[in-house]
Amino acid sequence: MSVTLTLSNHFKYQVAKGNIDLSGDVLKIILMNNTFAFDKDADATLSDVTSDQLSTGNGYTQDNKELASKSLTEDDENDKATMTCDDVSWTADSGSIGPTGAAIIYDDTTSDDTVIGCIDFGEDYTIPDGSSFQITDIEIDLT
C-alpha cells in the first residue's frame, strides 16, 4: 500500500481566509491509533481527532512534535506551491509505540488548531522498544 496525504477542507478554507501561514505558523504532527479513519470534512480541528491520538508513553508524547525547517517553493511548471520540512521520528523506550496507521498535521498557531491533513501510512506499524519510526519527505502540495 502507498502512503497518502489528504488535506482537510477546513484547512483549505483557512488558507483561503488568510488565517494560515505554512512557513511562519507552528505546525505539529501527531500519531493516531490504528482504528482512526480520517474524514476530510469532519476532522477540521485538533479537538476532532484527539480521542484517536496515541497515548503518551514509551517514547511518544502527545502534541509535542513540531515540524522544523519549513520551506515554501513555487512550482509554475506543475501549477502548485509546496511546503516541505525536516523528517520527524519517534524512538520507542521502555515499551512499544503503537500500533499506528496514520499521522495528523495541525496548525498550533490558529485559534482552533486547524487540522491540515492526514498522512495515511497504508498499513499499521508498531514500533518495538529501542527502535525508531521515521516519517520522511513530508510535503504539502497546494494545487
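Please read all numbers here as calculations on a predicted model, not as lab measurements.

(A) Up close: the sheet that holds strand 3 (residues 71-75). Read from one edge to the other, the open sheet built from 3 strands follows the order 3-4-9, with strand pairing classed as antiparallel. What marks the edges here is a single partner per strand, and that holds for strand 3 and strand 9 (139-142). Within the sheet, the average angular offset between the axes of one strand and its neighbour, ignoring direction, is 20°.

(B) Expanded view of the side chain of Asn33. Residue placement: Asn33 occurs in strand 2 (residues 27-33). Relative accessible area serves as the criterion here: at 18%, Asn33 is assigned to the buried category. Engagement of the side chain of Asn33 in a polar contact is seen with the backbone nitrogen of Phe36, the distance being 3.0 Å. When sequence neighbours within four positions are dropped, the list of residues in contact with Asn33 reads Ser51, Asp52, Leu54, Pro99, Thr100 and Gly101.

(C) Expanded view of the pairing of strand 4 (residues 80-84). Relative to strand 4, strand 3 runs antiparallel, the two sharing 5 bridges. Its bridge partner lying in strand 4, Ser71 is registered against Thr84. Remark: 4 residues form the turn of the hairpin made by strand 3 and strand 4, two consecutive strands paired antiparallel; Asp79 in that turn has positive phi of roughly 55°. Where strand 4 meets strand 9, 4 bridges bridge the pair, whose relative direction is antiparallel. Looking at strand 9, one finds that Met83 is bridged to Ile140.

(D) Summary view of the nonpolar core. Ile29, Leu31, Trp90, Ile104 and Ile135 are the most contacted members of the largest nonpolar core, which totals 36 residues. Within the residue set of this core, elements represented by two or more residues are strand 2, helix 2 (46-49), strand 5 (88-91), strand 6 (97-107), strand 7 (115-127) and strand 8 (132-135). Among residues more than four places away in sequence, those in contact with Ile135 are Ile29, Leu31, Asp87, Val88, Trp90, Ala103, Ile119 and Phe121.

(E) Spotlight on a negative patch on the surface. Negative charge collects at one region of the surface, where Asp86, Asp87, Asp137 and Glu139 lie side by side. Among the structural elements, Asp86 can be located in the loop between strand 4 and strand 5.

(F) Spatial organisation of the packing of aromatic side chains. Applying the stated criterion to the full structure yields 6 aromatic pairs. Every member of this aromatic cluster is reached through a ring pair, and the members are Tyr60, Trp90, Phe121, Tyr125 and Phe133.

(G) Up close: the sheet that holds strand 2. Read across the open sheet, the 4 strands follow the order 1-7-6-2; overall the sheet is antiparallel. With partners counted over all chains shown, the strands left at the sheet margins are strand 1 (4-7) and strand 2, one partner each. Averaged over all pairs of adjacent strands, the angle between strand axes in this sheet comes to 25°, irrespective of strand direction. Both strand 6 and strand 7 contribute to a ladder of 7 bridges, which runs antiparallel. Bridged to Ile105 within strand 7 is Gly117.

(H) Inspection of the pattern of salt bridges at higher detail. In this structure the tally under the stated criterion is 2 salt bridges. The salt bridge involving Lys28 is made with Asp108; its shortest N-O contact spans 3.4 Å. Placement of Lys28 in strand 2 and of Asp108 in the loop between strand 6 and strand 7 is noted, with a sequence separation of 80 residues between them. Residue Lys28 is classed as buried on the basis of its relative accessible area, which comes to 15%. Here Asp141 ties to Lys80 by a salt bridge, and the two come within 3.2 Å at their closest N and O atoms. With a gap of 61 residues between them, Asp141 in strand 9 and Lys80 in strand 4 connect regions that are remote in the sequence.

What counts and how
Counting restarts for each chain: residues are numbered from 1 in the order of the written sequence. Reporting of local features is limited, given that this is a predicted model, to residues whose pLDDT is at least 70; pairs of side-chain atoms are given and counted only at 80 or more, and all residues count toward the totals for whole chains, interfaces and linings. Note that water and hydrogens are dropped before the side-chain values are worked out from all heavy atoms of the structure. Whether two strands pair comes down to DSSP finding at least two bridges between them. A run of H or I in DSSP becomes a helix once it reaches four residues, and a run of E becomes a strand once it reaches two; helices and strands are each numbered from the N terminus. The axes are straight lines fitted to the C-alpha atoms, using for helices just the contacting stretch, and the angles between their N-to-C directions are given from 0 to 180°. For the exposure calls, accessible area comes from a 1.4 Å probe over protein chains only, and a residue counts as buried if that area is under 20% of its type's maximum, exposed if over 50%, partly exposed in between. For the purposes of these results, a polar contact is taken to be a pair of N or O atoms within 3.5 Å, where, inside protein, one atom must be able to donate a hydrogen and its partner to accept one; residues adjacent in sequence count only when each atom of the pair is a side-chain atom. When checking whether two residues touch, look at their non-hydrogen atoms; a contact exists if any pair is within 4.5 Å. Throughout, nonpolar core names a set of buried Ala, Val, Leu, Ile, Met, Phe, Trp, Tyr and Cys residues whose side chains join them through atoms within 4.5 Å. Every patch collects residues that have over 30% relative accessible area and no salt bridge, joining them within 9 Å if they carry like charges and within 5 Å if they are nonpolar side chains (Val, Leu, Ile, Met, Phe, Trp, Tyr). Per-residue accessibility takes into account occlusion by the displayed protein chains alone, with areas from the Shrake-Rupley method and a 1.4 Å probe. Criterion for a salt bridge: a side-chain nitrogen of Lys or Arg within 4 Å of a carboxyl oxygen of Asp or Glu. Residues scored as charged are limited to Lys and Arg (positive) and Asp and Glu (negative), so that His and the chain ends carry no count. For charged residues, the charge sits on one atom: NZ in Lys, CZ in Arg, CG in Asp, CD in Glu. Put simply, two rings from Phe, Tyr or Trp (the six-membered ring, in Trp's case) pair if the centres are within 6.5 Å, and we call them stacked under 30 degrees between planes, edge-to-face over 60, tilted for the rest.

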